Amino acid sequence: MRFILSVLIGLTSCMAHATPQFSQAECQMLNEQRLEIRRQLRQPYNPDHGQQLQARLKELEQLLKQHCRQPVKNPPAVVVPVQRPLL
């Protein structure tokens, strides 16, 4: 029983580390958005708008927590396939 539990814990911790990390610029942009939403939440708002702000804040905080623990300086280049004209 302990063995199974330790294997499960080991697998979940490995999976958490395998989450791709965003670039520093992306993390900074997400953090700025988070700060702007927090600023808006200190202003008067109606209930619907407040719920939207809270939902977006929660989403941003999850993204930051998952993908910005160790942001990468230079993100890997994305290879775009080149389409050749049909002959």
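Scroll up to find the structure this text is about.
Because the structure is predicted, anything quoted here is derived from the model rather than measured. For every chain, the first residue of its written sequence is number 1, and the numbers climb from 1 along that sequence. A pLDDT threshold of at least 70 governs which residues receive local features in this predicted model, and a stricter bar of 80 or more applies before side-chain atom pairs are shown or counted, although totals over entire chains, interfaces and linings include all residues. Water and hydrogen atoms play no part in the side-chain values, which are based on all heavy atoms of the structure.

A. Summary view of the state of the cysteines. Pairs of cysteine sulfur atoms within 2.5 Å are identified as disulfides in what follows. Evaluated as defined, the whole model comprises one disulfide. Put simply, Cys27 and Cys68 are joined by a disulfide, and their sulfur atoms are 2.1 Å apart. An S-S torsion of about -95° defines the bridge between Cys27 and Cys68 as left-handed. Residue Cys27 is located in helix α2 (residues 24-41), and its partner Cys68 is located in the segment after α3 (47-67); the two are separated by 41 residues in the primary sequence. A run of DSSP states H or I qualifies as a helix once it reaches four residues; a run of E qualifies as a strand once it reaches two. Both are numbered from the N-terminal end.

B. Structural context of the nonpolar core. Membership of the largest hydrophobic core is limited to nine residues, which are Cys27, Leu30, Ile37, Leu41, Leu53, Leu57, Leu60, Leu64 and Cys68. Mapped onto this core, the elements with two or more residues apiece are α2 and α3. Contact between two residues is taken to exist if any of their heavy atoms lie within 4.5 Å; hydrogens are not considered. Ignoring any residue separated from it by four or fewer positions in sequence, one finds Leu30 in contact with Phe22, Leu60, Leu63, Leu64 and Cys68. By convention a nonpolar core is built from buried Ala, Val, Leu, Ile, Met, Phe, Trp, Tyr and Cys residues, the set being connected through side-chain atoms within 4.5 Å. To sort residues, take the accessible area from a 1.4 Å probe on protein chains only and compare it with the maximum for the residue type: under 20% means buried, over 50% means exposed, and anything in between is partly exposed.

C. Seen up close, the environment of Leu57. Among the structural elements, Leu57 can be located in helix α3. Taking the relative accessible area as the measure of exposure, Leu57 reaches 9% and is therefore buried. If sequence neighbours within four positions are ignored, Leu57 has contacts with Arg34, Ile37, Arg38 and Leu41.

D. Quick peek at the pattern of salt bridges. Each reported salt bridge corresponds to a side-chain nitrogen of Lys or Arg within 4 Å of a carboxyl oxygen of Asp or Glu. Going through the model one piece at a time under the given rule, you end up with two salt bridges. In this structure, the salt-bridge partner of Glu36 is Arg39, at a minimum N-O distance of 2.4 Å. In this pair, Glu36 and Arg39 both sit in helix α2, three residues apart, roughly one turn of the helix. Under the relative-accessibility criterion, Arg39 is labelled partly exposed at 38%. Where Glu59 meets Arg56, a salt bridge forms, and the shortest distance between an N and an O atom there is 3.1 Å. Here the residue Glu59 and the residue Arg56 both occupy positions in helix α3, the gap between them amounting to three residues, near one helical turn.

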